[in-house]
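Here is what each chain is made of, one letter per residue.
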Amino acid sequence: CNSFCFTFNLSYFCGARHSKLTCFSSQVSPPNPEQHKEVLISSSGQPFPWNHMRLPKTVSPLHYDLGIHPNLTTLDFTGVVRIQLQVHEDTGVIVLHAKQMQITEALLLAPEGVRPLRVLEYPPFHQLALLSDTLLTRGRTYEVLLGFAATLSDSFHGFYRSSYHTSSGAVRVLASTQFEATFARAAFPCFDEPAFKAKFTIRIIREPRHIAVSNMPTVKTVALPGGLLEDHFDTTVKMSTYLVAYIVSDFLSVSRTTQRGVKISVYAVPEKIDQTAFALDTAVRLLDFYEDYFDIPYPLPKQDLAAIPDFQSGAMENWGLTTYRETALLYDPDKSSPSDKLAITKVIAHELAHQWFGNLVTMEWWNDLWLNEGFAKFMEFISVNVTNPELHVDDFFLGKCFEAMEVDSLPSSHPVSTHVENPMQIQEIFDDVSYDKGACILNMLRDFVTPEAFEIGIIRYLRRFSYQNTVSRHLWESLTDVSAHVHTRGRACIFWTKETGNIRNSLDVQAIMDTWTLQEGFPLVTVEVRGREVRLSQERYLKTDEPSLTDGFLWQIPLTYVTSASSTIRRFLLKTKTDVLYLPQEVDWVKFNVDMSGYYMVHYEGDGWNAIINLLQHNHTVLTSNDRASLVHDVFQLVRSVGRSGTTLDTALELSLYLSRETETMAVTQGFQELVPLYKLMEKRDMAALENRMKSYIVDLFRGLIDRQEWTDSGSVSERVLRSYLLLFGSVRNYPPCVEKATQLFNAWRASGGHMSLPVDVTMAVFTVGARTPEGWDFLFERYRTSLQMSVKSRMKVAMAFSPLQGKLTRWVRLRGEVMKLQDLPDVLVTISRNPHGYKLAWDFLRANWHTLIKKFDLGTSLVAYMVNGVTNQYSTTEMLDEVKLFFGSLTEETGSEMRCIQQTYETIGDNIRWMDAHLPHLQAWLDKRSSHTVHEDL
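What you are looking at is a predicted structure, and each value in this text was computed from that prediction instead of being measured. (Residues numbered from 1 in each chain as written. Predicted model: local features only at pLDDT ≥ 70, side-chain atom pairs only at ≥ 80, totals over all residues. Heavy atoms only, no water.)

Peer 1: Before we go on, may I ask you to explain the overall build of the chain in this structure?
Peer 2: Helices and strands together make up the secondary structure of the chain, namely 27 helices and 32 strands. Over its C-alpha trace the chain gives a radius of gyration of 29 Å, about what one expects of a compact globule, namely 30 Å for 939 residues. Viewed in the frame of its principal axes, the chain has a C-alpha envelope of about 100 × 75 × 60 Å. For the chain, restricting intrachain contacts to residue pairs at least 6 apart in sequence, the fraction spanning at least 24 positions comes to 73%. For the chain, the accessible area works out to roughly 34600 Å², and carbon and sulfur atoms hold 50% of it. Each charge class in the chain was averaged separately, 90 positive and 108 negative side chains, and the resulting centres sit 3 Å apart. (Helix = DSSP H or I, 4+ residues; strand = E, 2+ residues; numbered from the N terminus. Rg over C-alpha atoms; globule rule 2.2 N^0.38 Å. Contact = heavy atoms within 4.5 Å. Areas by Shrake-Rupley, 256 points an atom, 1.4 Å probe, with all protein chains shown as cover. Lys, Arg positive; Asp, Glu negative; His and termini not counted. Charge placed at Lys NZ, Arg CZ, Asp CG, Glu CD.)

Structure, rendered in structure tokens:
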């Protein structure tokens, strides 16, 4: 905006102008039911009348009339909010949230007249107390009016500033919001908890050269003095504060209408508007799908999708105005990869699923965040499988379960539904447990009750609780009601229970699912086959040397299995610590957790693993690719489980030999996920000889598959994703055919000034090889600096971070905030930490810049955890563990000492040390034996 800063005329709301904030003693004593507890002291030195982090329920908001004026020149904003309140208990105090803002006016608008309110602030809880000299009576409605002013945040939360450079080098400034989980309070005074749902009527003042968008369509624009405009937006539906959104910018948009008349628009900076077509088409198809699937119309007249230049997370589900990182929304058909297309489609699917799960029906409190995020993650795969079958999204679901298990196998894990109280704790549960584990246990439940019953149940849940708040129990009740009446006839399976011995007739869904949501971790099922008898037992799987931490856990596990005698999926509900089932006949092998539809691991006792290894070596396609991937995962993870008898590293490595014949994406990539970390741990111990032998083994294992890859963009999405993965691995591991081809392509591309069209699938390999020379790195840097293609910039960013040139790596992280957006720093830092030439630089940078990083990204957020774990999780020496503990142990609670990710880091490094100490001799011996065997075959 220009230097003229419009000040809201408060008479707009109450009919008369009033003086600034007046302080006086309240004549009505505030309710204080727990007077024995510590009295908090407000910032003014007076007692604060409330002593809990959570707000009291004496009043609740019905409607907010919110006016905002951001000044994009001075980078601050002013505003006024008029809140209509319902009083539930007689009170003289209203407690609500506000963070880092000046309250310029506080009035009570009652039928008896306008009265000033005394304001007290308690910053540690982000709370304001408004003290009235008259009693607010139960059952009546009142209004409070608050004027406020604040600075546009320089973080990624609240009402914050963003900017971008045009192709001519000009800087453009905009202002956008990110309120989840507890940042609406930093933009306007409000009841910033999800259960305090209300309606919002929003007005935004702007310059004519900008546009303003919010949750609802504009109903009118009013000209104001000084050449400013004020946009008035329609009133929202009833919703939580964290879903409010508004943007003031110079964006352009493209639009289409869905089958049911909802206007879909995609907003982006002007020079990238030509990269919005794919997102627009995808959003239209997905919204149509969700309206059909949920059988509940989308309740708003429009749905906007906005690509924000500075954005911390992937995207945000604000009702009617979803916001995204540019890389999560913008797609160039000539430059973006199949992985980009898949990722963009899934992110849009996730945010639009939230319009029902999260927005229409919202968790009561953040402890049940998984009801939002687990469902949205799960629906990504359900929806995209229908709307974009060419993306083969099912091929990638299994990876989400493996990622969840990685953190869920640590002692510091938490239940899906977990107690949280303060903002940092709330931010921390936006993690793989809430998202990925939540999705995986929903997938398990869907498979268990049948897709038909599951769909009916969630529709019933959404209808029953529309515009309300829920807890997990409400979902289980809806599904129990349905599953009791849906017949399983026609399923290609047989389901047995211990109690009945036949097909189950009804289910207590809550009894089953409470075991998955109210306790952390997941079960390891041990299977021992003796003739027709299959002995089963369960225990918690845990990476620890403290067996006592596995005691007291019991799950109700929907087991599935197939055998050498029958491909029919059979089912068994394991409710007890041990049990026995009987096969119709003796079999050569049995495979439990078919397609890994269940969130558990399996250990095959006795000769079980040998039978499976024999099957994989001679006829691996008898099992599905998901089954093969889960076997690779389970056998290597069992080696990490302290005290797990019967599963040696030899067993895991012998199973891995079959991968030389594997061609399916999920199984191949899981092979890499299990094998590559072994030599990455060795890199941190300076044991080059064994490290190089392990690298050679992996290259030899996949050599045939790498050699069959073409340096083109042909094939299905899965084939193309696999090609990119394999060629990058071959190039990084200096496999000569890959390095030679990548070098040839990079040199030709560089000679053309970057104008030659490279096959998209090979660019990651080409850029990574090119970044090995100073001239190549500099050329990539210049292309990165000027490129407008976000997906291309993402690949360049990572390639430059994997350069062996330490001087270039140092330069790269120093350019944060200049050439490289700060939001991209975590990816660059973690990539450098994976670089054998850069991991010490990454750790030193993290320590030296810790206070800056936590201020920018906020304590507890997923990006802070990503940096902490990503930089340290390949350390494998006691010296590095001591160094890590020394640094994090020096922090205070205010600087992050209580974050869960720090404990996860300690546990992960400890697990790495134990693994290396226990298994290095076995790895050496196995590779020796393998080499001798290979030499013998050659002779």
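Peer 1: Where do I start with the sheet that holds strand β8 (residues 118–122) in this structure?
Peer 2: Reading across the sheet, the 3 strands line up as β5-β9-β8 and stay open at both edges, with antiparallel pairing between neighbours. Two strands bound the open sheet, and with one partner strand each, they are β5 (91–97) and β8. Pairwise comparison of adjacent strand axes, ignoring direction, gives a mean angle of 25° for this sheet. (Pairing = 2+ DSSP bridges. Axes fitted to C-alpha atoms, helices over the stretch in contact; angles between N-to-C directions.)

Peer 1: For this particular structure, what's the right way to read the packing of helix α14 (residues 665–683) against helix α16 (residues 717–732)?
Peer 2: Between α14 and α16, the least distance of the axes is 10 Å, while the angle of their chain directions is 25°. In terms of axis orientation, α14 runs roughly parallel to α16. When the axes of α14 and α16 are compared, the crossing they make is left-handed. Taken together, the residues of α16 that come into contact with α14 (itself represented by T665, V668, T669, F672, Q673, V676 and Y679) are S718, E719, L722, Y725, L726 and F729. Its residues placed into classes, the contact of α14 with α16 shows 8 nonpolar, 4 polar and 1 charged. (Parallel < 35°, antiparallel > 145°, perpendicular 65-115°, else oblique. Left-handed = near helix turned anticlockwise from the far one by under 90°. Nonpolar A, V, L, I, M, F, W, Y, C, P; charged D, E, K, R; others polar.)

Peer 1: How do you make sense of helix α18 (residues 763–770) when you look at a structure like this?
Peer 2: An α-helical segment advances 3.6 residues per turn. Residues three or four places apart therefore align on the same side. Of all the 8 residues making up α18, 8 are buried; the element is thus mostly covered by neighbouring parts of the structure. Within the sequence span of α18, burial applies to T763, M764, A765, V766, F767, T768, V769 and G770. Looking at the buried residues of α18, the elements they touch are α16, α17 (736–751), α19 (774–786) and α20 (790–801). (Buried < 20%, exposed > 50% of the residue type's maximum accessible area, 1.4 Å probe, protein only.)

Peer 1: Quick question: what am I supposed to make of the pattern of salt bridges here?
Peer 2: Pairs can form between side chains of opposite charge whenever their charged atoms are close. Under the criterion given, the structure shown has 49 salt bridges. In this structure, K684 and E683 form a salt bridge, with 3.6 Å as the shortest nitrogen-oxygen distance. Accessibility expressed as a relative area gives 8% for K684, which makes it buried. We note a salt bridge from D761 to R723, for which the minimum N-O separation is 2.8 Å. With D761 in the loop between α17 and α18 and R723 in helix α16, the pair connects residues that are 38 residues apart, well separated along the chain. The same class applies to D761 and to R723, which are both buried. When salt bridges with common partners are traced through the structure, they connect K680, E683, K684, E691 and K695 into a single cluster. (Salt bridge = Lys/Arg side-chain N within 4 Å of Asp/Glu carboxyl O.)

Peer 1: How do you make sense of the UniProt feature "domain: Aminopeptidase N-like N-terminal" (unreviewed entry) in the chain when you look at a structure like this?
Peer 2: Feature annotation in UniProt assigns "domain: Aminopeptidase N-like N-terminal" (unreviewed entry) to the following positions: residues 61–243. Between the C-alpha atoms that bound residues 61–243 the distance is 15 Å, and the span itself is 0% helix and 59% strand. (UniProt positions renumbered as here; feature names shortened; annotations may be inferred.)

Peer 1: What's the story with the sheet that holds strand β27 (residues 533–540) in this structure? I'm lost.
Peer 2: Here 4 strands make up an open sheet; going across it, the order is β30-β27-β26-β32 and the pairing mixed. Two strands lie at the open edges of the sheet, namely β30 (578–582) and β32 (601–604), each paired on one side alone. Across the sheet, the mean angle separating the axes of adjacent strands is 25° when strand polarity is ignored. With 8 bridges connecting them, strand β26 (residues 523–530) and β27 associate as antiparallel partners. Note that in β27 the partner of R530 across the bridge is E533.

Peer 1: Just checking my understanding: could you explain helix α11 (residues 608–619) for this structure?
Peer 2: Here α11 spans 16 Å end to end across 12 residues, near enough to the 16 Å set by a 1.5 Å rise per residue. Of the positions making up α11, those classed as buried are G608, W609, A611, I612, I613, L615 and L616. Those residues of α11 that are buried are in contact with β31 (590–592), β32, α12 (625–640) and α13 (649–656). (Expected span 1.5 Å × (residues − 1).)

Peer 1: In this structure, what is going on with the domain arrangement of the chain? I would like to understand it.
Peer 2: Reports of interface size often rely on the accessible area that becomes lost once the parts have come together. Considered domain by domain, the chain is made up of domain 1 (40–250), domain 2 (384–494 + 507–515), domain 3 (522–644), domain 4 (735–803) and domain 5 (806–928). Put simply, the middle of domain 2 and the middle of domain 5, counted by C-alpha atoms, are 31 Å apart. Listed by partner, the interface residues are 10 residues for domain 2 and 12 residues for domain 5. Buried surface at the junction of domain 2 and domain 5, both sides included, amounts to about 980 Å², of which 54% is carbon and sulfur. Among the residues domain 2 hides against domain 5, the three largest losses belong to S412, M424 and E428. Together they make up 53% of the total. One can count 0 salt bridges joining domain 2 with domain 5. Among the elements that make up the side of domain 2 that touches domain 5, the one with the highest residue count is helix α6 (residues 423–428) (3 residues). Residues belonging to the side of domain 2 that touches domain 5 are distributed by class as follows: 6 nonpolar, 3 polar and 1 charged. (Domains from an automatic or database assignment. Buried area = accessible area lost by both parts, 1.4 Å probe.)

Peer 1: What should I look at first to understand the packing of aromatic side chains in this one?
Peer 2: Centre distance and the angle of the planes are the two values used to describe a pair of aromatic rings. Inspection of the entire model under this criterion finds 56 aromatic pairs. Taken together, F289, Y290, Y293, F294, Y298, W356, F357, F375, F378, F454, Y461 and F465 form an aromatic cluster joined through their ring pairs. When the ring centre of F553 is taken as reference, the NZ or CZ atom of R540 above it lies at 4.7 Å. Between K885 and the ring centre of Y906, over which it is positioned, the NZ or CZ distance is 5.6 Å. (Phe/Tyr/Trp six-rings, centres within 6.5 Å; stacked < 30°, edge-to-face > 60°. Lys NZ or Arg CZ within 6 Å of the ring centre and 35° of its normal.)

Peer 1: Help me out: how do you make sense of the nonpolar core in this one?
Peer 2: Soluble globular proteins tend to bury their nonpolar side chains together. Core analysis: the biggest nonpolar cluster contains 314 residues, and F188, Y246, F592 and F888 have the highest contact counts within it. In this structure F592 touches V527, V534, L536, L559, T560, Y561, L581, V602 and Y604, once residues within four positions along its chain are discounted. (Core = buried A, V, L, I, M, F, W, Y, C linked by side-chain atoms within 4.5 Å.)

Peer 1: Looking at this structure, I do not really get unusual backbone geometry. What am I missing?
Peer 2: Leaving glycine aside, a negative phi is the common case for residues, and trans is the common case for peptide bonds. Residues E180 and A181 are joined by a peptide bond in cis, for which omega reads 5°. With respect to the helices, strands and loops of the structure, A181 is situated in the loop between β12 (171–178) and β13 (199–206). Even without a glycine there, the phi angle at Q100 is positive, about 50°. Within the secondary structure, Q100 is located in the loop between β5 and β6 (102–110). For Q100, a relative accessible area of 67% puts it in the exposed group. The phi torsion at N734 lies on the positive side, around 60°, for a residue other than glycine. Here N734 lies in the loop between α16 and α17. Note on N734: relative accessible area 46%, which makes it partly exposed.

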